Amino acid sequence: MTKRLIFLGPPGAGKGTQAQILSETYKIPHISTGDILRTAVTYKTPLGDKAKGYMDRGELVPDDLILDLIKDRLLQSDAAKGWILDGFPRNVAQAKFLNSLLAELDLAADRVLYLAVPDEVLISRLLSRQRRDDNEATIRRRLEVYRRDTMPVIDFYQEQSTLKTIDGDGAMENVTSALKEAIA
Ligand code: AP5
Ligand code: MG
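Numbering of residues begins from 1 in every chain and follows the order in which that chain's sequence is written. Ligands are numbered from 1 and chains lettered from A, in the order in which they are written. pLDDT decides what is reported in this predicted model: residues at 70 or higher carry local features, side-chain atom pairs at 80 or more are listed and counted, and totals for whole chains, interfaces and linings draw on all residues regardless. Side-chain metrics in this entry use all non-hydrogen atoms of the structure; hydrogen atoms and water are not considered.

1. Overview of the environment of glycine 58
Relative to the helices and strands, glycine 58 resides in the loop between helix H3 (46-57) and helix H4 (63-74). With 13 residues separating them in the primary sequence, glycine 58 and lysine 71 have C-alpha atoms 23 Å apart. Residue contacts are counted whenever heavy atoms from the two residues lie within 4.5 Å of one another. Apart from the residues lying within four places of it in its own chain, the contact partners of glycine 58 are Thr138, Arg141, Arg142 and Val145. Only runs of H or I of at least four residues qualify as helices and only runs of E of at least two qualify as strands under DSSP, and these elements are numbered from the N terminus.

Take a look at the structure:
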């Protein structure tokens, strides 16, 4: 089966960690909009200059900066054999855009995997990491934005019945096994 996978979950849920591992297992690219944006910020590209303030505040970067970027990335040759999307779609407009793009290509996502982790675990994980946006104020804002904009995406996919919920509050290898089982 081709694997076109979408990882959803709050900040700190382990989307990036698990996507990295499974992209190696399945030999498909791990496409993280957060990583793409952070690279753009590091290299001070026009995209990075526009995105930086939003990221530092924990706000979503505007859709017009994200949609073309994800379209170009999904059309690259390595994405033909599948992909893991991490951090996209992040609001319902992005989810609808992705649906139309995939429909145009006569494709669909095979699984949408939602990593569920309680807030107190998320906060402690993020506070013990040291990314630029892992400070208390920005974490709080990221969680608010997640609830407001990204939780509706879970309902969106639930209605299309492609969503599976995975308990993300366990040892990394247990989460990896649960994901593999849900993908198989
Ligand atoms: P993004 O980079 O996507 O960050 P995020 O959603 O806040 O999530 P994180 O990367 O913090 O968490 P994660 O779920 O990947 O967890 P991780 O594996 O790292 O977005 C950053 C910003 O970019 C956004 O705020 C926004 O501004 C912008 N942006 C990105 N995409 C966008 C989009 N589509 N539209 C608009 N704006 C966008 O794990 C976290 C920590 O926990 C790590 O230290 C890890 O080692 C640890 N950990 C993981 N799993 C476990 C486990 N099972 N047990 C113990 N520790 C664990
Ligand atoms: Mg991440």
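2. A look at H3
Whether a residue is buried, partly exposed or exposed follows from its accessible area with a 1.4 Å probe, protein chains only, as a fraction of its type maximum: under 20%, in between, or over 50%, in that order. Three or more residues of H3 are buried, namely Gly48, Ala51 and Met55. Buried residues of H3 fall within an arc of 75° about the axis and therefore sit on the same side. H3 presents Pro46, Asp49 and Lys50 as exposed residues on the side facing more than 90 degrees away from its buried surface. Each element contacted by the buried residues of H3 is listed here: helix H2 (33-42) and helix H7 (136-159). Glycine 58 lies just past H3 and shows a positive phi near 85°. Think of the arc as the fan of directions from the helix axis to the C-beta atoms.

3. Section: the nonpolar core
Ranked by size, the top nonpolar core spans 29 residues in total, and within it Ile6, Leu8, Leu74, Trp83, Leu85, Leu98 and Tyr157 carry the most contacts. If near-sequence neighbours (up to four positions away) are discounted, leucine 8 is found in contact with Lys15, Pro89, Val112, Leu113, Tyr114, Leu115, Val153, Ile154, Tyr157 and Leu163. Counting residues in hydrophobic clusters, the runner-up holds 19 residues, among them Ala13, Val117, Leu179 and Ala182. Within this scheme, the nonpolar core is defined by two criteria: the residues are buried Ala, Val, Leu, Ile, Met, Phe, Trp, Tyr or Cys, and they are joined through side-chain atoms within 4.5 Å.

4. Regarding the pattern of salt bridges
If the charged atoms of two oppositely charged side chains come close together, the side chains can form a pair. When a carboxyl oxygen of Asp or Glu is within 4 Å of a side-chain nitrogen of Lys or Arg, the pair counts as a salt bridge. Within this structure, the stated rule accounts for 12 salt bridges. When the shortest N-O distance is used, the salt bridge between arginine 129 and aspartate 134 registers 2.6 Å. According to the relative accessible area criterion, aspartate 134 is buried, its value standing at 8%. Because the salt bridges share partners, they merge into one network encompassing Arg129, Arg131, Asp133, Asp134 and Arg142.

5. Points about the environment of threonine 165
Positionally, threonine 165 belongs in strand S5 (residues 163-167). Linking threonine 165 and tyrosine 114, residues 51 residues apart in sequence, is a C-alpha distance of 4.7 Å. Sequence-distant contacts of threonine 165, that is, excluding residues within four places in its chain, are made with Tyr114 and Ala116.

6. Quick notes on the site of ligand 1
Think of it this way: one heavy atom of a residue within 4 Å of a molecule or strand is enough to make that residue near it. The environment of ligand 1 is made up of 30 residues, and the closest members are Thr17, Thr33, Glu59, Arg90 and Arg129. Side-chain polar atom of threonine 17 to an oxygen atom of ligand 1: 2.5 Å apart, as the coordinates give it. Using a 1.4 Å probe, accessible areas were evaluated by the Shrake-Rupley method; residue-level cover was limited to the displayed protein chains. Contact with the protein chains removes 88% of the 1,000 Å² of surface that ligand 1 exposes when unbound. Every element with two or more residues in the shell around ligand 1 is listed here: helix H1 (15-26), H2 and helix H6 (119-128). Looking at which element gives the most residues to the shell around ligand 1, the answer is H2, with four residues. The residue inventory of the shell around ligand 1, partitioned by class, reads 12 nonpolar, nine polar and nine charged. N or O atoms closer than or at 3.5 Å make up a polar contact, with two conditions inside protein: a donor-capable atom paired with an acceptor-capable one, and, for residues adjacent in sequence, both atoms drawn from side chains. When residues are sorted by character, Ala, Val, Leu, Ile, Met, Phe, Trp, Tyr, Cys and Pro go into the nonpolar class, Asp, Glu, Lys and Arg into the charged class, and all the rest, Gly among them, into the polar class.

Scope: geometric values only; no functional claims are made or implied.
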